[in-house]
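Residue strings, one per chain:
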Amino acid sequence: MAEKKKLSTADILAAARKNAAGGATPPPAEKQPAADAPAEVTPPSAPIAAESAGDSPAATPKSARAGGAKPSVADILAAARANKAAAGGAAAQPAAAKPAAAKPAAEKPAAKPKADKPAAAKPAAASGPAVRDTSSILAAARAASKPGPVSKSEAAARAKPAVPAKSAKGESAVPPMPAKPDYAKPKATKEAPQEERRFFLGVLVGSFLGLGFSTLSATGGLWTLAVLRYMFPNVLTEPPSKFKIGFPSDFPPGVVEEKFKAQFGIWPVNVEYKGQRQIVAIKTVCTHLGCTPNWLEAEQKFKCPCHGSGFYKDGINFEGPAPRPLERYAIRLADDGQLEVDKSRTFQEELGQWSDASCFVSV
Amino acid sequence: MHSAPDFLSHVATPLGFYYMILCVLNWVAALVMWRHGPKTYTTLKLGPATIPVTNVIVWLLVGAAFFVCAPLAMIGLPPELPSEVKQIVNELSGPVTLTLGSLALFTILFVFRRAWTAPPVAWTILNLALLAMGMSMTDPNFTAIVAKPDNVPIVGLVFLLGFFTWLATYKAVLNDDRAAQGLPPLEKEDNEKVLVWPDLVYTELICMVALTAFLLLWAIALQAPLEEPSSRVKTPNPSKAPWYFLGLQEMLVYYDPWMAGVVLPSVVLLGLMAIPYLDFNRKGSGYYTISERKFAYLVFQFGFLELWVILIILGTFLRGPNWNFFGPFETWDAHKVLAQNNVDLSQFFWIKWLNQSMPKAPTGSGAGTELLYILWREMPGILLVFAYFVLLPPIMAATIFRKFFVKMGFIRFMLMSNLLLMMGSLPLKMVARWSVNLKYFISIPEYFLNF
C-alpha cells in the first residue's frame, strides 16, 4: 500500500491552482499518494484508476476502490451518494471543490474503501464514521459543497491533523446531529445507596436474561430434587437382605457351597481361619474391579476371569491384582438352629473386621 | 507334526483363496515394477544365454510359489509350521520375552530404519508375515483365536498398523536424506493447492461408497459375535474388554483399580495435552522426519507401539481363561495352573530379607498410631517411589537431559521428566510382576492406596 505522505501547504496550493487551470485533469495531489494515483504511478490498479482519474475529482472513490478491497453494498451506496453530491458541488463552485478534492487524497492515500468512499465529497464525510444514515450524508454533502473561501493558515490547519488518521477522526467536522429525543437521553442515575440495595434483585429479575437464568436455575434445582426423590422408591422389590441357608451340618469342612451364588451372591464355606474352624459367607465380588470370580474345585481357589485375581478358599487374595481379600457377610445361628446370612453388613479382613464374631459361626 | 485332518479340511478352502490372493498380490507388484522399469539384481548364465534376474522376475517367482500353495491347501496339504517352531513361538510369547523382545525389535526398527523401509525389504517382510500367518492358520488353536469374529478386525489392524508405520518411517527416511543434502522435505516440494470441490469431496465420496460396500459384505460374511444372555453370577471366562481398551485392562492387572483405571489414564490424557507446551523443538512441522525430532519420535513410538499396541495384542491374542498367558499355538486350558503367588515389596523386605514379622499396630491403638505403623511397614516402597519420582529427575537433568533442562526450565522439565517416568513405570512394574511376582511397591489396602 502507499505510504502516507504529508503534504506541505505549498503542495496543496499548487495542486489547487493546477486543478483550477486544468479543469478536467486530475489534481496533482492525487498523483502523489500511490494507491489511488493514475496509471503511471501505480501499475496494479492502472486501468481503472486511469479511466476514472480522467473523469473528475468526483470520481476519486472509484479509483480508490480499484486499488483497495472489494466494497460492500453499503460502501457502494454511500459512495454513490457522496459522488452525486460532490459532482453537484463541484459544478456549482469549482473553486470550492478544489481543497475538498485535494485534501482527502492527501489525507487517506491508503486504498481503504471505508475511509475513501466519501473522500471525494468532502473531508467531513471522509473522516466521519463509516456507516451513516441518508440524512447525515446529505447534510454533510451540502455543508461541504459551499465551505467558503479558505485561507492559507486554515488550509494548513486542516491538512495537518488530517495526516494521522486517528486524530483526524476526532477532529473532523461531524454534521450536526439532531437533538436527542427524550427516550434516547440517559436516564437520571439513581442515588447510590438505593442502587446498591436493589442491585442483586435487579440482576435476578431486572432483565430478560436475568429472568431467564433465574428460571433455568430454579427449574434445574427442582429437577434435581425430583431426581433425588426418585432415588428412594416407595416400594423396594429387592430380595430380603436376611435369609436362612440351612443347618451348620449341611456345610461339611472344606467345601465351598456354590448353590447360593446365583440367587444370593454368597459362598458359604466351612473353612479354617487362624486355627479356628468356622462357617462364613463370602461375598461373590472380586475386590479388584467387581467381577464375579469362579470357584475352581481342582485348583481349590477362587479365580477372577477379568484380571486373573486369585483367592484361597478362606477368601485371602494371593495372586493377581486384587489388593485385599474377598469380603464376608454377617452370619449367625438363628433361633431355629439354621444359619442366617445378613447381607446388609460386610466385613473386611484388611480392616481387622474378621475377628468380629458376627461374621462367622464357629463349628 | 500334522494337524488333525478334519480341521485341515475345514480351513482348506479359505486357505486356498488366501494363497491365491497372495499370488495375485505379488504378480500385481511385479507388473507395477515392470511398468516402472525393472531393476536388475544379478545375471544368470545359462549356457549361451544370459538371463538378467530382475525384481520383476523375483516377485513373479514368489507369486508362482503361492500359486502352487493354493491348490495344495485346497486338497488338504497346506504348508505347515513344524511343531518345534510352534513350541519356540509359544515360549517366546511369554510376557517377559514378549515385552523385552518387542522393545528390542522396536530398537532394531529404529536403528536400521534405512534398511527395512527400502521397498524390496519391506515387501519381503510383508510376504514373510503373510506366509507365516497362512502357515499358522493350519493350527486349530491359532485359528480359534485369530479367526474369532471379534478378533478378525484386530488382525487387519495389525497389518494396517504395520503398513502405516512403514509408510511414515519410509517418508521420514527420505526427508532426512533430503535434509542432509540441503533439499527441502518432499511435502514442501509437493504442496500444490488442491480444491475442496471437487478433489476432496470426490475422494471422500468414493471412499464412503467403497467402505460402505466393504462393511456390508463383512457384515454378511462374518456373523456378529453375540454371546449368551448376561448373568450376574456368570462372568465369561476370559472376560475381555473391547479391543481398544485391552491395553487398559492389561494395565489393571498390574495396578490398583483406581490407579490403572483413573489416575494413569488421566495422566496419559493430560500428558498428551501437555506435549505442545513441553515441546521446544520447532522442526518437523508439516513433514515426516525422524532425525530432526529423535526424542519426540522415540517417546511417542514407545508409548504407542510398546505401551498401547503391544498391550492390545497381548490382551487380544495371548490372554486366555482366568486371564492366564497362553502362547498363540497353545490350547486354552481353563485349568492351566501357574504359580503366581504375588508378594508385596514390604513383605519381601520385612519377612524375606529382614526375617522378621511385618510391623503391625498393637490391637486397640488409635487411628494415628495405626497410620504411623502402616507408613513404617511400607517405608521401603515409599522411599523407592519417592526416589523414582523425586530424585531421578534432577539426576536426569544433570546427566542425559542436560540440554533439555537448559532449554525447558525447571517446571517444564519436571513435568516432562515425571510424565516420562510415569510412562516408564508401567513396563518396569510389569516385568517386576512377571519375573519376581512383585505385587505392589506400596501396599496400603487399608486406605485403598496401592502402587
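Residues numbered from 1 in each chain as written. Chains lettered and ligands numbered in written order. Predicted model: local features only at pLDDT ≥ 70, side-chain atom pairs only at ≥ 80, totals over all residues. Heavy atoms only, no water.

> Run through the overall build of chain A, naming residues and quoting values.
Of the regular secondary structure elements, chain A holds 14 helices and ten strands. Looking at chain A as a whole, 42% of its 363 residues qualify as buried. In chain A, the share of contacts with a sequence separation of at least 24, taken over all contacts with a separation of at least 6, comes to 50%. Accessible area for chain A stands at about 20,100 Å²; split by element, carbon and sulfur atoms hold 62% of it. (Helix = DSSP H or I, 4+ residues; strand = E, 2+ residues; numbered from the N terminus. Buried < 20%, exposed > 50% of the residue type's maximum accessible area, 1.4 Å probe, protein only. Contact = heavy atoms within 4.5 Å. Areas by Shrake-Rupley, 256 points an atom, 1.4 Å probe, with all protein chains shown as cover.)

> Quick rundown of the interface of chain A and chain B? Include the residues and the values.
Listed per partner, the contact involves 29 residues of chain A and 29 residues of chain B. Here chain A packs against chain B, burying approximately 2,300 Å² in sum over the two surfaces, 50% of which is carbon and sulfur. One can count zero salt bridges joining chain A with chain B. At the level of secondary structure, the elements contributing two or more residues to the side of chain A that touches chain B comprise helix H14 (261–264), strand S4 (294–296) and strand S7 (317–319) of chain A. Looking at side-chain class alone, the side of chain A that touches chain B contains 14 nonpolar, nine polar and six charged residues. (Buried area = accessible area lost by both parts, 1.4 Å probe. Salt bridge = Lys/Arg side-chain N within 4 Å of Asp/Glu carboxyl O. Nonpolar A, V, L, I, M, F, W, Y, C, P; charged D, E, K, R; others polar.)

> Now, about the sheet that holds S4(A): what can you tell me, with residues and values included?
Residues and elements named next belong to chain A. Judged by pairing direction, the sheet is antiparallel, and its four strands sit side by side in the order S4-S5-S6-S7 without closing on themselves. Each end of this open sheet is capped by a strand with a single partner; those strands are S4 and S7. As paired strands, S4 and strand S5 (residues 301–303) are joined by three bridges and run antiparallel to one another. Following the sheet pairing, Asn294 is matched in S5 by Lys303. (Pairing = 2+ DSSP bridges.)

> Kindly report on the nonpolar core, identifying the contributing residues and their values.
Nonpolar side chains in soluble globular proteins generally cluster together in the buried interior. Formed by 71 residues in total, the largest nonpolar core has its most connected members in B:Tyr19, B:Tyr255 and B:Phe413. By residue number, the principal contributor to this core is helix H17 (residues 402–436) of chain B, which donates ten residues. With residues near it in sequence (within four places) discarded, B:Phe413 still touches B:Pro393, B:Met396, B:Ala397, B:Phe401, B:Phe404, B:Phe405 and B:Met408. Residues A:Trp267, A:Ile316, A:Ala330 and A:Cys359 belong to the second largest nonpolar core, which totals 22 residues. (Core = buried A, V, L, I, M, F, W, Y, C linked by side-chain atoms within 4.5 Å.)

> Which residues make up the layout of surface pockets, and what are the values?
Residues and elements named next belong to chain B. Counted as a void, the second largest pocket has a volume near 1,600 Å³. Every residue lining the second largest pocket is counted, 49 residues in all, and those nearest its centre are Leu272, Ile275, Ala296, Val299 and Phe300. Breaking the lining of the second largest pocket down by element, the ones donating at least two residues are helix H8 (152–180), helix H11 (246–254), helix H12 (257–278), helix H13 (294–318) and H17. Of the residues that constitute the lining of the second largest pocket, the class distribution is 33 nonpolar, ten polar and six charged. Counting residues domain by domain, the lining of the second largest pocket receives three or more from each of domain 2 (81–185 + 237–336) and domain 3 (345–450). (1 Å grid on protein atoms, 1.4 Å probe; cavity = no way out; pocket = protein on both sides within 12 Å on 5 of 7 lines; lining within 4 Å. Points joined across faces, edges and corners; volume = space filled by probe spheres on them. Domains from an automatic or database assignment.)

> I'd love a proper account of the confidence of the model for chain A, names of residues and values included.
Residue and element names in this part refer to chain A. Per-chain confidence: chain A averages 70 in pLDDT, with 55% of residues scoring 70 or above. Low pLDDT, under 50, characterises residues 23–68; the stretch is placed with 70 contacts to residues that sit more than four places away or in other chains. Of the regions scoring below 50 in pLDDT, residues 162–168 engages in ten contacts with residues more than four places distant in sequence or in other chains. (pLDDT = per-residue confidence, 0-100.)

> Just give me the short version of helix H16 (residues 379–398) of chain B, but keep the residues and values in it.
Three- or four-residue spacings in an α-helix give side chains the same orientation, since the helix completes a turn every 3.6 residues. Over its 20 residues, H16(B) runs 27 Å from end to end, which matches the ideal 28 Å to within 8%, given 1.5 Å per residue. Among the residues of H16(B), B:Pro380, B:Gly381, B:Val385, B:Tyr388, B:Phe389, B:Pro393, B:Met396 and B:Ala397 are the ones counted as buried. (Expected span 1.5 Å × (residues − 1).)

> Describe the packing of aromatic side chains, with residues and values.
Throughout the structure, instances matching the rule amount to 36 aromatic pairs over all chains. When the centroid spacing of 6.4 Å and the interplanar angle of 40° are considered together, the rings of A:Phe260 and A:Phe264 count as tilted. Residue A:Phe260 is classed as buried on the basis of its relative accessible area, which comes to 9%. Taking relative accessible area as the criterion, A:Phe264 reaches 13% and is therefore assigned buried. Aromatic pair B:Trp197 and B:Tyr202: ring centres 5.6 Å apart, planes at 85°, arrangement edge-to-face. Classification of B:Tyr202 as partly exposed rests on a relative accessible area of 46%. Three or more aromatic residues joined by ring pairs make a cluster, and in this case those are B:Phe280, B:Phe295, B:Phe401, B:Phe404, B:Phe405 and B:Phe413. (Phe/Tyr/Trp six-rings, centres within 6.5 Å; stacked < 30°, edge-to-face > 60°.)

> Any chance you could break down the state of the cysteines for me, citing the residues and the numbers?
By definition, a disulfide is the covalent link that joins the sulfur atoms of two cysteine residues. Overall, the coordinates contain one disulfide over all chains when judged by the stated rule. There is a disulfide in this structure between A:Cys291 and A:Cys306, and the S-S distance comes to 2.0 Å. Classification of the bridge connecting A:Cys291 and A:Cys306 rests on its S-S torsion, roughly -95°, and on that basis the disulfide is left-handed. A residue pair is termed long-range when its members are at least 10 positions apart, and A:Cys291 in the loop between strand S3 (276–283) and S4 and A:Cys306 in the loop between S5 and strand S6 (310–311) qualify at 15 residues. Classification of A:Cys291 by relative accessible area gives buried; the value is 17%. Of all cysteine sulfurs, the one in B:Cys23 lies closest to B:Cys69, which takes part in no disulfide; the gap is 9.8 Å. (Disulfide = S-S within 2.5 Å.)

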